[in-house]
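# Residue-level structural notes
The residues making up each chain are set out below.
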Amino acid sequence: MRHSERHRTHRTGWLRAAVLGANDGIVSTASLVLGIAATGASTKVILVTGIASLVAGAMSMAAGEYVSVSSQADTEGADLNREKAELAENPVQEHAELMAIYVKRGLDETLASSVATQLMAHDALAAHARDELGISDTLAAKPIQAALASAGTFAAGALLPLLMVFIFPPTALMWGLAGSSLFFLALLGFIAARAGGSPVLVSVTRVTFWGALAMGLTAGVGAIFGVAA
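What you are looking at is a predicted structure, and each value in this text was computed from that prediction instead of being measured. (Residues numbered from 1 in each chain as written. Predicted model: local features only at pLDDT ≥ 70, side-chain atom pairs only at ≥ 80, totals over all residues. Heavy atoms only, no water.)

## With respect to helix α3 (residues 91-104)
For α3, which comprises 14 residues, the first-to-last C-alpha distance of 20 Å matches the rise-based estimate of 20 Å (1.5 Å per residue) to within 8%. Within the sequence span of α3, burial applies to Glu 94, His 95, Leu 98, Met 99, Ile 101 and Tyr 102. Down the axis, α3 shows its buried residues gathered within 155° of arc, on one side only. For α3, the exposed residues set more than 90 degrees away from the buried face come down to Val 92 and Lys 104. For α3, the secondary structure elements touched by its buried residues are α2 (43-89) and α4 (109-131). (Helix = DSSP H or I, 4+ residues; strand = E, 2+ residues; numbered from the N terminus. Expected span 1.5 Å × (residues − 1). Buried < 20%, exposed > 50% of the residue type's maximum accessible area, 1.4 Å probe, protein only. Arc of directions from axis to C-beta. Contact = heavy atoms within 4.5 Å.)

## Side note on the environment of Thr 75
By secondary structure assignment, the location of Thr 75 is in helix α2. Taking relative accessible area as the criterion, Thr 75 reaches 48% and is therefore assigned partly exposed.

## A look at the packing of α3 against α4
Two elements in contact, α3 and α4, have axes separated by 8 Å at closest approach and are oriented at 110°. Judged on the interaxial angle alone, α4 and α3 are roughly perpendicular. Classified by chirality, the crossing of α4 by α3 is right-handed. Judged by residue contacts, Pro 91, Glu 94, His 95, Leu 98, Met 99, Ile 101, Tyr 102 and Val 103 of α3 engage Glu 109, Ala 112, Ser 113, Val 115, Ala 116, Thr 117, Leu 119, Met 120, Ala 127, His 128 and Asp 131 from α4. Taken together, the residues of the contact of α3 with α4 sort by class into 12 nonpolar, four polar and three charged. (Axes fitted to C-alpha atoms, helices over the stretch in contact; angles between N-to-C directions. Parallel < 35°, antiparallel > 145°, perpendicular 65-115°, else oblique. Left-handed = near helix turned anticlockwise from the far one by under 90°. Nonpolar A, V, L, I, M, F, W, Y, C, P; charged D, E, K, R; others polar.)

Here it is as structure tokens:
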């Protein structure tokens, strides 16, 4: 019988950016809308504020992810170039380094030397990148992918609280928006947990707790310091 294993490590790059983007979209927009609503502002002001938050937040997430992940990619590229030069200048020493890594992982010296020799013959740079530097295609930094995932999911997340402004009347907006946003956050936690193979309850509790805290504090600030627009 063929043995099949399902691992989810290859999803960590885009999943992290997607969950971060959607979570920020829901929490920041819902919190801002609640804060503005608590001042007694009109529905028009609330909508304009929410839309501005969506656009600014999506662009900020995209720029932030691109810059930070690009910095990671630059560092990885510099390390790979340095490793490539070292392989060309001193392949014997690099073989010894790779062999030592395999010995630490439990292979005897003879087998470790054989494995290092064969892997370096196949693709020396890839072997050293993976086992010495910890860089692989699965976990390599992908700036554009991270930026698009964050911006898209932020916009999608931010759109949900904005839709609630149309659904709930002004008298029920704050409670309706808070409740629906917590539901959306719980749903996000559930989807993220299932996609990543992690415990559902932990994920759901984590995102809803911090979302509730953010919305509560922002609404409180709006109620205390806000004035009707």
